[in-house]
Amino acid sequence: MTREPGSHGGLDERAVLLAAGLADLAVSTLGSGLGLVRGLLRRSDTAEMAAEAERDLEARGRLVLDRYTSPPPAHLEVLARHVLARRAGDDG
């Protein structure tokens, strides 16, 4: 399946090449991740790191929920507040 870099193979060949590339990426990422986990387990402050990671995940989860659950302010309400603020600024 070796071809020149500029040549375009058939659709099947490209699908196989893409799948092989993704598999290679997944294996290398998994290998790197396992090495990282082994290194973390050897540390003496693993419990502190786990607690910090938990706090970070909770904070991230809170931000995501706030982003998607709180409705944005009503457009007309925002415009009305701007008008009131301008009128209050003009009076003073």
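**Concerning the overall build of the protein chain**
Within the protein chain, the secondary structure is distributed over three helices and zero strands. Secondary structure elements of the protein chain, listed N to C terminal, follow the sequence α-α-α.

**A look at the pattern of salt bridges**
Evaluation of the coordinates by the stated rule reveals one salt bridge. Between E77 and R81 there is a salt bridge, and its shortest N-O distance comes to 3.3 Å. Taken together, the positions of E77 and R81, both in helix α3 (residues 75–91) and four residues apart, correspond to about one turn of that helix. Judged by relative accessible area, which is 54%, R81 ranks as exposed.

**Details of α3**
Look at α3: 25 Å from first C-alpha to last across 17 residues, which is about the 24 Å you get at 1.5 Å a residue. Across the 17 residues of α3, zero count as buried, placing the element largely on the outside.

What counts, and where the lines are drawn
Residues numbered from 1 in each chain as written. Predicted model: local features only at pLDDT ≥ 70, side-chain atom pairs only at ≥ 80, totals over all residues. Heavy atoms only, no water. Helix = DSSP H or I, 4+ residues; strand = E, 2+ residues; numbered from the N terminus. Salt bridge = Lys/Arg side-chain N within 4 Å of Asp/Glu carboxyl O. Buried < 20%, exposed > 50% of the residue type's maximum accessible area, 1.4 Å probe, protein only. Expected span 1.5 Å × (residues − 1).

Nothing here speaks to function; it is geometry throughout.
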